[in-house]
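# An overview of the molecular structure
So you can see what is in the structure, the chains are spelled out below.
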There are 4 protein chains.
Amino acid sequence: MGQERKMLWSGRFAQGAADETLAFTSSLAVDRRLARYDILGSLAHARMLARQGVIAPEDGERIVDGLKKLYAQAESGALAIDPKLEDIHSNVELLLTSMIEDAGARLHTGRSRNDQVATDLRMWQRDAVLETMEAIYELEHVLMERASDNVEVIMPGFTHVQHAQPISLAHHLMAHFQRLARDAERFAQCYRRTNVSPLGSAALAGTTFNIDRLYTADMLAFDAPCANSLDGVSDRDFVAEYLFAASLCAVHLSSMCEELVYWSSPEFGFVDIDDAHSTGSSIMPQKKNPDVAELTRGRAGAAIGDLVNMLCTLKSLPLSYNRDLQEDKAALFACHDRTVSCLRLAAAMVAAMRFDKERMLAATRDGFLNATDLADYLVTKGLPFRRAHEAVGAAVRYCIEQGKRLEELTLDELRSFSELVEEDVFSVLPVERCVLRRMSVGGTSPNVIPMQFSQGMSALRKQSEMFQNERARLRSAYQRLLDRGTPNGKSLV
Amino acid sequence: MGQERKMLWSGRFAQGAADETLAFTSSLAVDRRLARYDILGSLAHARMLARQGVIAPEDGERIVDGLKKLYAQAESGALAIDPKLEDIHSNVELLLTSMIEDAGARLHTGRSRNDQVATDLRMWQRDAVLETMEAIYELEHVLMERASDNVEVIMPGFTHVQHAQPISLAHHLMAHFQRLARDAERFAQCYRRTNVSPLGSAALAGTTFNIDRLYTADMLAFDAPCANSLDGVSDRDFVAEYLFAASLCAVHLSSMCEELVYWSSPEFGFVDIDDAHSTGSSIMPQKKNPDVAELTRGRAGAAIGDLVNMLCTLKSLPLSYNRDLQEDKAALFACHDRTVSCLRLAAAMVAAMRFDKERMLAATRDGFLNATDLADYLVTKGLPFRRAHEAVGAAVRYCIEQGKRLEELTLDELRSFSELVEEDVFSVLPVERCVLRRMSVGGTSPNVIPMQFSQGMSALRKQSEMFQNERARLRSAYQRLLDRGTPNGKSLV
Amino acid sequence: MGQERKMLWSGRFAQGAADETLAFTSSLAVDRRLARYDILGSLAHARMLARQGVIAPEDGERIVDGLKKLYAQAESGALAIDPKLEDIHSNVELLLTSMIEDAGARLHTGRSRNDQVATDLRMWQRDAVLETMEAIYELEHVLMERASDNVEVIMPGFTHVQHAQPISLAHHLMAHFQRLARDAERFAQCYRRTNVSPLGSAALAGTTFNIDRLYTADMLAFDAPCANSLDGVSDRDFVAEYLFAASLCAVHLSSMCEELVYWSSPEFGFVDIDDAHSTGSSIMPQKKNPDVAELTRGRAGAAIGDLVNMLCTLKSLPLSYNRDLQEDKAALFACHDRTVSCLRLAAAMVAAMRFDKERMLAATRDGFLNATDLADYLVTKGLPFRRAHEAVGAAVRYCIEQGKRLEELTLDELRSFSELVEEDVFSVLPVERCVLRRMSVGGTSPNVIPMQFSQGMSALRKQSEMFQNERARLRSAYQRLLDRGTPNGKSLV
Amino acid sequence: MGQERKMLWSGRFAQGAADETLAFTSSLAVDRRLARYDILGSLAHARMLARQGVIAPEDGERIVDGLKKLYAQAESGALAIDPKLEDIHSNVELLLTSMIEDAGARLHTGRSRNDQVATDLRMWQRDAVLETMEAIYELEHVLMERASDNVEVIMPGFTHVQHAQPISLAHHLMAHFQRLARDAERFAQCYRRTNVSPLGSAALAGTTFNIDRLYTADMLAFDAPCANSLDGVSDRDFVAEYLFAASLCAVHLSSMCEELVYWSSPEFGFVDIDDAHSTGSSIMPQKKNPDVAELTRGRAGAAIGDLVNMLCTLKSLPLSYNRDLQEDKAALFACHDRTVSCLRLAAAMVAAMRFDKERMLAATRDGFLNATDLADYLVTKGLPFRRAHEAVGAAVRYCIEQGKRLEELTLDELRSFSELVEEDVFSVLPVERCVLRRMSVGGTSPNVIPMQFSQGMSALRKQSEMFQNERARLRSAYQRLLDRGTPNGKSLV
């Protein structure tokens, strides 16, 4: 039995929880990561209690001083965490109490672990979202840079993994950019829903003490306190939302990495992934494997698994706090670390890989990529599109039988499929012309791709402003919490 | 072999696809629901082609006239859909061609089914999001109404499904309101990312025809054309996002319904669900089962399943269009129908159910719900909270042994746990007082709950404005497409 | 209000359920598929009731006669299903009652819809499992046939989608065979856990009537009655198990189809999928897309989604029957239909597709597929493998710089990497030799592949015996239920 | 750059992988858990190589000696694992090589990490399955014990969380037993599919060396070598199957724990969970929360998430080994640890909790639990069941209006619903009688419940034999590998 351990709640119990129970229910291995936020949250809470006169000024001073010391220890990695305690919150409170005794025992006035852990987790997630956004930004940036350098490079555009129409490599890269830009948007919106303060919701119903929730929300740089205390302690929507945004982002990465895996195969040969992002085989001396791309692709499965985990855990759970909710953190932390490392490695890999432009261009010779252009040509000569499509289809079938390309047919051969064909047909068939002439908005022509760059640049600017400004805001709020004089009423505001 | 069927693409094939293949690949059973949007999209495309001079004015006129007739047929359910054709797009095009021949065969100029289906689906989803938002709105409205009528009703607040502290029933209901308000916000943001026009992306690379994508986007009430044509034909983020928002909303409903299932059990007896939302048993004559609540709870599983389906399908899929994407619609349509019907039934059920206020109040007598208040009392007398917690814990243990409630202890008994207890302790122990005094922002006191109502009302107003305005905007855009004179250049703008 | 509808349970209700409730809770659209099994189950139940003297012989006779008529109607599609009734069970019972009145009203003695639906569903699933096993069998058969014909065909073996070592095409095809053989095994084991009779569990607790559950189990060809009635009405493990087995099978198909999609691309060109299993493009006249392979790959997402749906629905559900369980059927039916059609189309596609053997062989020239063989050669000359690996790695790097293949190096060049190399090295480098010499058990050498065929044949034989025997057993049990004279005690056994 | 690190494959690379790449791709943090199995597998491989004459006897001796030393270090926790190496396999090989140089460098002859890791993982999973089966066994055992002691305890049986019919508590507990018995069966079948040896599949295609795969399979206690080497290195079905069996088992636990959470609420009060398996609140001094039950319920979400992770990762993955597969272990290890600890805590909790028999019995007074018995009574008097159901439904409605129980009605009142009622009706209405008379097979009557115990005992016996026998078999095989003299040909067999 775990009698030796000091729990925050032992008064009512005749007998302590079994050691196995404490091992089973402990969240310390996971939530020790919250130490920093727990101390900052307590700082805000203590300052508020003193300011409101709920605790005496001198108690407030001692608590704040104690917490500052603990914060310094946490930042330097010197916090003396006791593995026998059930969570990080107990650790911080007991370290404080052992330092300043009764004063520390007053810290938990008007709050509960229920609102405390929700506050800590939201603070953690704010940083996590901003870090994720920055990692997305980096990959977007690399993609756009590589696109800018490859506007004129022609490759086969694929649908159904079949050659469809020739496109600019830049256009292909920018399609991946667009996906990431939406991811960034989703994370930014998730940030706002994360940035709400549950502190002061107490156990579930608010508190009888005269606390000031707007003040603590403000001190911790939250946009507002939550409107309902039951919701405050039980809402984990923000976690599910992070996991979804991360899952979709991981799916986007899996899509790009699937391409890189195939593009670096001997069959495609479009890309040479740098040695720095490849590994070899223990048995086959010649192997150079695109491991980074494969692992990034594979890890999308884990993100989706984390999301499913969270949604399943929340399903059918009544109000308000239930211990099932403890499981939120392991999934969230793992997903965040994975998402950021995948994004960063992807950025490094994309930045360093080499495109084989000759091979890409050569590939456009197979698969009748200019067939649509021939059909379009017939339309400009007056044939309805559906008829033009049929005529070119027949021409392609003829080519397959003859082992020829469309551009290798003679004028007579071409005219056998439609009398509308004239000499000028040969000017529309080269793949360079096919690419150049797709000038519709959002099309692949080098003439219109720059529109994507300027739109993309402004999206990037907006994103980086967002995460930089928010970071500065959080940093200065935290600094204020740590710097300001001990709380004796007025001096705090 | 399927030779008799007319496919849009048969020219190149020596031999048709097998009947089994056509049955296997056909999406008609699902996408016939897109008929209306397909015709409207074609109307915009045809008007644009004529306006840009890509097709002749008289062809434009005939196409528009034909499409108007098909639209009328679709609206009246009289569209002669041929089950042997592979999708709704083929049906519409072939019906048109059979009506106006060559002119119809010109409609597909400068577009592909790839951008067409993406456009149709986004148009469908716009309506779906607005309908979902309205259904959420209705349930929120009912919850707030029931809350307003039950501010003074006291019930046990639960954590861990144990009695925690007494709360107002209104407070509990408003916690569910808060969740739905976040759902509405997520759907509104999903709407904006849905409302982007892929039309004119053509197969994947844009087109060589001089099309005007801003014009069609505008005619169809899209916010903008998409920026990259590869992304235009392959992006299904908006579908995944709808499915996630619906999953989280379904999880919220499952949580509320879990409560209603238990609350209507003999053990709880907090609620009597109306006969209108209950069914009986084939064998047990006495049974009245909360089937609506159970099915709503259970159907959250289907929503999560739909989301997983979509994310799995998208994972590792290279650019651009792949046939795997066809699977998006079945999951999306089913999820939407389910979400809306669950929300509507939940609203009706919550509106009609009866609360047993006496039973709720009686339940607050068990479980020492006022223990925190006693601890808080000791804090106001000067005891550090952590010590107060211990003292009250011991008092509770004593009560359990004695079979008493805290308020039944004598002053002497209470003082044996802390000498700080005085006569005034008895004024803090009644549950009514416990509720009343939790006046912190977001707390359960009837004094502060009205703040939630006013915040909630403004959220509701914002939501209803959003879906009503957008609906009006879509309606008038569609009307313009149908009403305006046949396209002969200038008259169109 | 739905007063006009006759429900099986209306006695206790002052007021009927709302029309919307009935629409919301109705399972008829889904469970009408159970009609046949519902009638057979009722036949067994009625015969047993008569045999046990629970109902009078003449009532038994009339019920059996009535059910036989309904069975004939169901088989011919003429069953007059009333869409206003909530499920198929109500329909059958009310059709019977309208035919034979009071006698029909006695049918539900000693059973409940809870055990009835569980019985029907297990009967349905038995057939579903057998059909799935047969479809797996067909695909396995095709794979083995194609493998037998292509033992000597050499292709690059892939790891990480990079060329690894040359292998026989047959070996590759047989790897897919192995996966399917495990699938078949899982389905066969699922069948046994499905084949347990809940009939007679009644609502949840068994019944007071003197029923004979072993008799009904036997009449319906179940292996045994379930051991616990609460479990009998609430167990849906068998459904989850089907969905898992189907998900893993779908994942296997997705893997094979992923290969076929890429193998039929111009870059690989290993395979030409028959026109019968391809479709074209509405805009690109040249396109021939591997739609069947793509849809089969994509539909694995739906299977996984169905599985998640079911597991989520079951999670946290208390004993015994809860209405949430109704949701089992939609997922199960859809998953079954999809699994079987995917398997069948895959079999047809694999049977008809053409391998480009020259292209496959040519592909083995790139990527140093014989590097391991060179290392192995050095080992046989006495070099430790790890050193041999290093030496060959260096040789490969040299080749890449020189643009040569290993077999194109001179003896001197080769000896510069290891002095152990001698003239006989050139006999180990041809890819044909590499394949031939991998004669370890389970290896790719044409000398050992036939072992896989004989093992595979015996697995196939075992599978087909299983599904054919079980089918015969079910068929004869059902026939007995329909044929045997009306139940007057002895004549029934 | 990571030049300083010695990789097993660096020969071919001009430049090492980046440090970030090695951190990103390293599996050491996870797979160090495989050390023991990796060494055992190498022992078998080395003995076989020597026996087959592939390596010299003296090299074999030195390798075996070296591996024995490493095994002893691994068992005592003293293995000097180098965190800079990418996986446990590199660590073991390099430790060996540093000990015995060239001899160690010969160990990797005829195998690859691809088959090595698959072998290690299957060996690990064998132990994992057996441990899981033992933990299931323990919980089953506890359930049956508690059931045996509570056969006569009467409680309300629930459907739809409404009172349905009275049942024996033992019957309820045995329903959970049945679920676990199926779980055990699924794990046992998963064990057989796990127990197949991939060793000797080498990279993907087998090897040119004269290895003996049957010998190594036998030495490692595998049932057989796998039949196809491509399948051998890429098959992860067994992992998915473990995760599914664990997910369904976790769902079963979630169901039982959901009940315990509610049963220990003040409203139900059926159960008092021991202090040893409860924890308290940081703010509410009176709280005793069923945390173990809640966490076990919640952790089912994680199991389902792990399963989804694995299925998603496998989906669309071509043959043969791809690096995505590395992700299998983290999910599997976590799921196993969680499953076993949840099962063990559940067993301890169920063993220690106290049932409140009076409260359970008292609960049977509400909800007309004997209504079915009254209907059955009318049937025995000759009324068709459907009519009897209606009559009793009306009686229940009358009782609700009158605030009475069925057994409180007078004979006249009862007769007003059916004239068939006679004086003997009162003997069928007591709940004790209702329970006693449900004697159908699998029913709740104390007269038939013992059948469940004897069936259950024989299932338990079979399970424990399985895991004990297999454990003994593995243990003696491993001992043989460690004990037997150094390999000099004959002495090995």
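Residues numbered from 1 in each chain as written. Chains lettered and ligands numbered in written order. Predicted model: local features only at pLDDT ≥ 70, side-chain atom pairs only at ≥ 80, totals over all residues. Heavy atoms only, no water.

## Some points on the overall build of chain A
When its secondary structure is counted, chain A shows 19 helices and six strands. At 31 Å, chain A has a C-alpha radius of gyration far larger than the 23 Å of a compact globule built from 493 residues. By its C-alpha atoms, chain A is 100 × 55 × 40 Å across when sized along the principal axes. Across chain A, the fraction of contacts at a sequence separation of at least 24, relative to all contacts at a separation of at least 6, is 76%. (Helix = DSSP H or I, 4+ residues; strand = E, 2+ residues; numbered from the N terminus. Rg over C-alpha atoms; globule rule 2.2 N^0.38 Å. Contact = heavy atoms within 4.5 Å.)

## Regarding the relation of the copies chain B and chain A
In this structure, two copies of a chain are linked by a rotation about an axis accompanied by a shift along it. Least-squares fitting of chain B to chain A yields an RMSD of 0.0 Å, with the superposition described by an axial translation of 0.0 Å and a rotation of 180 degrees. With respect to symmetry, the two chain copies, as superposed, fit the operation of a two-fold axis. Take the interface residues of chain B: 100% of them recur as interface residues in chain A, which is what a same-surface contact looks like. (Least-squares fit on C-alpha atoms with pLDDT ≥ 70 in both.)

## Points about helix H11 (residues 237-263) of chain D
For H11(D), which comprises 27 residues, the first-to-last C-alpha distance of 39 Å matches the rise-based estimate of 39 Å (1.5 Å per residue) to within 8%. When you tally the buried positions in H11(D), you get 27 out of 27 residues, the bulk of the element. (Expected span 1.5 Å × (residues − 1). Buried < 20%, exposed > 50% of the residue type's maximum accessible area, 1.4 Å probe, protein only.)

## With respect to the confidence of the model for chain A
Residues and elements named next belong to chain A. Averaged over every residue, the pLDDT of chain A is 94; the share at 70 or more is 97%. Below pLDDT 50 for its whole length, residues 1-5 participates in 13 contacts with residues either more than four positions away or in separate chains. In this model, residues 489-493 is a region of pLDDT below 50 whose contacts with residues beyond four sequence positions or in other chains number 11 contacts. Note on the complex model: pTM 0.97, ipTM 0.96. (pLDDT = per-residue confidence, 0-100.)

## So, the relation of the copies chain A and chain D
Overlaying chain A with chain D gives an RMSD of 0.0 Å, the required rotation being 180 degrees about an axis along which the chain moves by 0.0 Å. Looking at the interface residues of chain A, 100% of them are also at the interface in chain D, so both copies use one shared face.

## A word on the interface of chain A and chain D
Facing 63 residues of chain A, the contacting portion of chain D comprises 63 residues. The tally of links between chain A and chain D comes to six salt bridges. Of the charged contacts, one joins Asp291(D) and Arg323(A) as a salt bridge, the two residues approaching to 2.5 Å between their closest N and O atoms. Counting across the interface, chain A meets chain D through 24 residue pairs in polar contact (both at pLDDT 80 or more). The set of elements that each furnish at least two residues to the side of chain A that touches chain D consists of helix H1 (19-25), helix H12 (291-314) and helix H13 (328-352) of chain A. Counting residues per element, the side of chain A that touches chain D draws most heavily on H12(A), which supplies 16 residues. (Salt bridge = Lys/Arg side-chain N within 4 Å of Asp/Glu carboxyl O. Polar contact = N/O pair within 3.5 Å; in protein donor to acceptor, adjacent residues only side chain to side chain.)

## Some thoughts on the packing of helix H7 (residues 113-148) of chain D against H11(D)
Residues and elements named next belong to chain D. Two elements in contact, H7 and H11, have axes whose closest approach is 12 Å; the angle formed by their N-to-C orientations is 20 degrees. In terms of their interaxial angle, H7 and H11 are classed as roughly parallel. Seen from above, H7 lies across H11 with left-handed handedness. In contact with Leu-121, Arg-122, Gln-125, Ala-128, Val-129, Thr-132, Ile-136, Leu-139 and Leu-143 of H7, H11 contributes Phe-238, Val-239, Tyr-242, Cys-249, Leu-253 and Met-256. A per-class count over the contact of H7 with H11 returns 12 nonpolar, two polar and one charged. (Axes fitted to C-alpha atoms, helices over the stretch in contact; angles between N-to-C directions. Parallel < 35°, antiparallel > 145°, perpendicular 65-115°, else oblique. Left-handed = near helix turned anticlockwise from the far one by under 90°. Nonpolar A, V, L, I, M, F, W, Y, C, P; charged D, E, K, R; others polar.)

## Quick look at the interface of chain B and chain A
Interface size is often expressed as the accessible area that is lost when the parts come together. With 112 residues of chain B in contact, the opposing surface of chain A contributes 112 residues. Summing both partners gives a buried area of about 9,200 Å² for chain B against chain A, and 57% of it is carried by carbon and sulfur. It is Arg193(B), Leu319(B) and Arg386(B) that lose the most area in chain B upon contact with chain A, and together they represent 8% of the buried surface on that side. Along the contact surface separating chain B from chain A lie 16 salt bridges. In this structure, Glu185(B) and Arg193(A) form a salt bridge, with 2.8 Å as the shortest nitrogen-oxygen distance. Viewed at the interface, chain A and chain B are joined by 55 residue pairs in polar contact (both at pLDDT 80 or more). Broken down by class, the residue content of the side of chain B that touches chain A amounts to 45 nonpolar, 39 polar and 28 charged. (Buried area = accessible area lost by both parts, 1.4 Å probe.)

## As for the environment of Glu423(B)
Residues and elements named next belong to chain B. Structurally, the position occupied by Glu-423 is in the loop between helix H17 (411-415) and helix H18 (431-436). With a relative accessible area of 54%, Glu-423 lands in the exposed category. When the C-alpha positions of Glu-423 and Leu-411 are compared, they lie 6.9 Å apart, and in sequence the two are 12 residues distant.

## Some words on the domain arrangement of chain A
All names here are of chain A. Here the domain parsing of chain A yields domain 1 (10-109), domain 2 (122-161 + 169-206 + 224-362 + 454-474) and domain 3 (371-429). Relative placement of domain 1 and domain 2: their C-alpha centres are 34 Å apart. Contacts between the two partners involve 13 residues from domain 1, matched on the other side by 11 residues from domain 2. Both faces considered, domain 1 and domain 2 share a buried interface measuring about 1,000 Å² in area, 63% of it formed by carbon and sulfur atoms. Counting the surface domain 1 buries against domain 2, the share from its top three residues, Val-30, Arg-33 and Tyr-37, is 54%. One can count two salt bridges joining domain 1 with domain 2. With its nearest N and O atoms 2.7 Å apart, the salt bridge here joins Arg-33 to Asp-337. Summed over the shared surface of domain 1 and domain 2, the result is four residue pairs in polar contact (both at pLDDT 80 or more). The set of elements that each furnish at least two residues to the side of domain 1 that touches domain 2 consists of helix H2 (28-31) and helix H3 (35-51). A per-element tally of the side of domain 1 that touches domain 2 places H3 first, with five residues. Residue classes in the side of domain 1 that touches domain 2 are distributed as four nonpolar, five polar and four charged. (Domains from an automatic or database assignment.)

## Notes on the side chain of Ser316(C)
Considering the arrangement of structural elements, one finds Ser316(C) in the loop between helix H12 (291-314) and helix H13 (328-352). Discounting chain neighbours no more than four positions away, the residues touching Ser316(C) are Ser254(D), Ser255(D), Glu258(D) and Arg297(D).

## Focus on the nonpolar core
Of all hydrophobic cores here, the largest spans 663 residues; its most connected members are Leu139(A), Leu139(B), Leu139(C), Tyr242(C) and Leu139(D). Not counting chain neighbours up to four residues away, the residues in contact with Tyr242(C) comprise Gln125(C), Ala128(C), Val129(C), Thr132(C), Phe187(C), Cys190(C), Leu332(C), Cys335(C), His336(C) and Thr339(C). (Core = buried A, V, L, I, M, F, W, Y, C linked by side-chain atoms within 4.5 Å.)

## Considering the pairing of strand S1 (residues 154-159) of chain A
Residue and element names in this part refer to chain A. Among the six residues that make up S1, six are buried, leaving the element largely enclosed by the rest of the structure. The pairing of S1 with strand S2 (residues 162-168) spans six bridges and is classified as antiparallel. Bridge pairing links Ile-154 to Ser-168 in S2. Hairpin connection of S1 to S2: two residues between the antiparallel strands, including His-160 at a positive phi of 55 degrees. (Pairing = 2+ DSSP bridges.)

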